[in-house]
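Here is what each chain is made of, one letter per residue.
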Amino acid sequence: LKYLRGDRTKEASLSNLTLPFRQRASRLGDIVNSDPQLIHRQDFNYDHLGWIDGSVDVGDAYAAFRASTPYLNRKPLIVVGANDGMLHGFDASISATPSLNGGKELFAYAPTAVFSNLIKLTEPNYQHRYYVDGTPRVADAWLGSATGWKTLAIGTTGAGGKSVFALDITDPSNMTASNVKWEFSHPKMGYTIGQAALVALPNEKFGVIVTSGYHNTAPADGRVWLLDAANGSIIKEFTLPTIGGLGAPLAADINYDEVADRIYVGDTLGNLWRLDLPTSNTASWGIPASLGTAPLFIAKDASGNRQAI
């Protein structure tokens, strides 16, 4: 890994073509489909949550989290995936004093799903391929009374792989291996092109919503997973009767309590699916009874041909 992280002594050059690794134009891989995300003191309004976890008022704890000295003093951060196989975090500080300005890489993480392909980056005849190509989701989340509020980056491999992963970036200047919370993949998961969602759920947990994405061949069905943000375990798995590829999930809060009540997902066959989360009981979550197993909407052109969503 040290060569991927910046040691260029083994790279071939015009002065020495016998060295084993290809010459790179930059130590940072190309960024294609991953949109950079900025995190710096965004207020996600979770002080309005009415949850009590043990003896902790979760809403009050969020207000205290945002008022704490470590929170107020942490560096603004840009998080982005790159096709060098890593999710990168960069200092986004801006100062009137040039020496204090950002740009320095604070951390980088290579997810397990792409690790076996990293060696290809060194090959002299390397042909471009995707690695960590998805747009990350960055937000605050309550991870239980023992852990409290944290800021998480939820990354996806996009066109480069079939996984989603979570990093604790609460203190981006002091990242260690322990900041890797989890990585999730599944035999039914395709390429995770769409951005995951990180939301408060009616069961008073924070969840990561990810779809089965896109496949090289038509899948038997579509899947939507609600994962526990704390450890990546499956809270709920939904099966959708479609052979189309599923896009990014959109979570909606329809009663203004900062908790997700619905999920909308489109697919490449033009179906728009609706999933309801009406109560704290996960058994009640799913396609509303009024729709049966049908989509909420089917996108078609004027000739009746389905249009991909």
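Cut-offs and rules
- Residues numbered from 1 in each chain as written.
- Predicted model: local features only at pLDDT ≥ 70, side-chain atom pairs only at ≥ 80, totals over all residues.
- Heavy atoms only, no water.
- Pairing = 2+ DSSP bridges.
- Helix = DSSP H or I, 4+ residues; strand = E, 2+ residues; numbered from the N terminus.
- Axes fitted to C-alpha atoms, helices over the stretch in contact; angles between N-to-C directions.
- Buried < 20%, exposed > 50% of the residue type's maximum accessible area, 1.4 Å probe, protein only.
- Contact = heavy atoms within 4.5 Å.
- Arc of directions from axis to C-beta.
- Polar contact = N/O pair within 3.5 Å; in protein donor to acceptor, adjacent residues only side chain to side chain.

1. Notes on the sheet that holds strand E5 (residues 86-91)
Right, on to step 1. Spatial ordering of the open sheet is given by E1-E4-E5-E6, a layout of 4 strands whose pairing is antiparallel. Of all the strands in the sheet, the pair left with one neighbour each is strand E1 (37-39) and strand E6 (105-109). Adjacent strand axes in the sheet meet at a mean angle of 20°, parallel and antiparallel pairs treated alike.

2. Let's talk about the environment of Val 199
Right, on to step 1. Mapping Val 199 onto the fold places it in strand E11 (residues 197-200).
Right, on to step 2. Given the relative accessible area of 14%, Val 199 is considered buried.
Right, on to step 3. Along the primary structure Val 199 and Ala 260 are separated by 61 residues, whereas in three dimensions their C-alpha atoms are 6.4 Å apart.
Right, on to step 4. Excluding residues that lie within four positions of it along the chain, Val 199 makes contacts with Tyr 46, Lys 205, Phe 206, Gly 207, Ile 209, Ala 251 and Ala 260.

3. Overview of helix H1 (residues 58-67)
Right, on to step 1. Along H1, the residues classified as buried are Val 58, Gly 59, Ala 61, Tyr 62 and Phe 65. Viewed along the axis of H1, the buried residues span an arc of 160°, placing them on a single side of the element. Among the exposed residues of H1, those pointing more than 90 degrees away from its buried face are Asp 60 and Ala 67.
Right, on to step 2. Among the structural elements, strand E2 (52-53), strand E3 (56-57), helix H2 (69-73), strand E7 (137-142) and strand E8 (149-156) are those in contact with the buried residues of H1.
Right, on to step 3. Residue Asp 57 occupies the N-cap position of H1, its side-chain oxygen lying 3.1 Å from the main-chain nitrogen of Gly 59.

4. A short note on the environment of Ser 116
Right, on to step 1. Assignment of secondary structure puts Ser 116 in the loop between helix H3 (112-115) and E7.
Right, on to step 2. In this structure the C-alpha to C-alpha distance between Ser 116 and Thr 97, which are 19 residues apart in sequence, comes to 42 Å.

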